[in-house]
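Observations on the three-dimensional arrangement
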Amino acid sequence: MALSQDDLQDSQRQISKAVLLAADNKEDEAYGIFASLLSKNFDDCRAMYGLARLYMQAENYGLAYNLYRLCASFKKLGPGPWNGMGLCHAESWDLDAATGLFKKALSMDNNDKHALGNLSLISLLKCEPEKALGFAALALKQDPEFEEVIHHQTYAQLMLGKW
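Let us look at the structure shown here.

Cut-offs used in this document
- Residues numbered from 1 in each chain as written.
- Predicted model: local features only at pLDDT ≥ 70, side-chain atom pairs only at ≥ 80, totals over all residues.
- Heavy atoms only, no water.
- Helix = DSSP H or I, 4+ residues; strand = E, 2+ residues; numbered from the N terminus.
- 1 Å grid on protein atoms, 1.4 Å probe; cavity = no way out; pocket = protein on both sides within 12 Å on 5 of 7 lines; lining within 4 Å.
- Points joined across faces, edges and corners; volume = space filled by probe spheres on them.
- Contact = heavy atoms within 4.5 Å.
- Disulfide = S-S within 2.5 Å.
- Buried < 20%, exposed > 50% of the residue type's maximum accessible area, 1.4 Å probe, protein only.
- Phe/Tyr/Trp six-rings, centres within 6.5 Å; stacked < 30°, edge-to-face > 60°.
- Lys NZ or Arg CZ within 6 Å of the ring centre and 35° of its normal.

Details of unusual backbone geometry
Despite not being glycine, N25 shows a phi value in the positive range, around 60°. Among the structural elements, N25 can be located in the loop between α1 (5-23) and α2 (27-40). The residue E59 is not glycine, and still its phi comes out positive at about 60°. Here E59 is to be found in the loop between α3 (45-57) and α4 (61-74).

The following block contains the structure:
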């Protein structure tokens, strides 16, 4: 069943509300919104993506990964789901799988600051500070105030003995 323009706009408002609730540590309320949206529209990939992020936040990486994988099959969300799947692998220390997924995200958008930042993180975890600095520099070109990547850059400098 196709949704009307009003229904799509309402869905987007609800998703925005759920994202804010999740950021405010009100996961149960956010979950309720995502579940309600998916009950109305089984193919709401944005609600699925929000739910995947919520499971990631709750450190439920198996569910998060599978929801991200489903989101990636819709091909509407760009590199986001690939970054999410990569982060799930990074959390389980499968750094090679994570790297492959971040590179897939980057192949979809070679300026994706999140994929670049995630590759910087993986390089740090692999004790490759020079690579980490390279990816960090590329991410910071996209967003000079990307706080996570600034931290990666700082840790890489420390690993190189640059105090």
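The structure having been displayed, the exposition proceeds.
Quick word on the layout of surface pockets
The space that makes up the largest pocket amounts to roughly 780 Å³. Residue lining of the largest pocket: 30 residues in total, with R53, M56, Y68, L87 and E148 positioned closest to the centre. Those elements giving two or more residues to the lining of the largest pocket turn out to be α1, α3, α4, α5 (80-91), α7 (113-125) and α9 (147-159).

A few points about the environment of M85
Relative to the helices and strands, M85 is located in helix α5. Spatially, the C-alpha atom of M85 lies 29 Å from that of L158, the residues being 73 residues apart in sequence. Aside from chain neighbours lying at most four places away, what touches M85 is Y65, Y68, R69, A72 and L101.

Brief notes about the state of the cysteines
With the rule as written, the count across this model stands at 0 disulfides. Distance from the sulfur of C45, which forms no disulfide, to the nearest cysteine sulfur (C71) is 6.5 Å. Residue C45 is classed as buried on the basis of its relative accessible area, which comes to 3%. You can see C88 has no disulfide; the closest cysteine sulfur is in C71, sitting 11 Å from it.

Comments concerning the packing of aromatic side chains
Summed over the entire model, instances satisfying the criterion amount to 2 aromatic pairs. Summarising the aromatic geometry, the rings of Y31 and Y55 are spaced 6.5 Å apart at their centres and angled 70° between planes, so their arrangement reads as edge-to-face. Remark: Y55 occurs in helix α3 and Y31 occurs in helix α2; sequence separation between them is 24 residues. Using a relative accessible area of 40% as the deciding quantity, one classes Y31 as partly exposed. Considering the side-chain rings of Y49 and Y68, the 5.7 Å spacing of their centres and the 65° angle between planes classify their relative orientation as edge-to-face. Placement of Y49 in helix α3 and of Y68 in helix α4 is noted, with a sequence separation of 19 residues between them. A relative accessible area of 4% means that Y68 is categorised as buried. When the ring centre of W82 is taken as origin, the NZ or CZ atom of K104, which lies over that ring, is 5.3 Å away. Positioned above the aromatic ring of F146 is the side chain of K113, whose terminal nitrogen or guanidinium carbon lies 5.0 Å from the ring centre.

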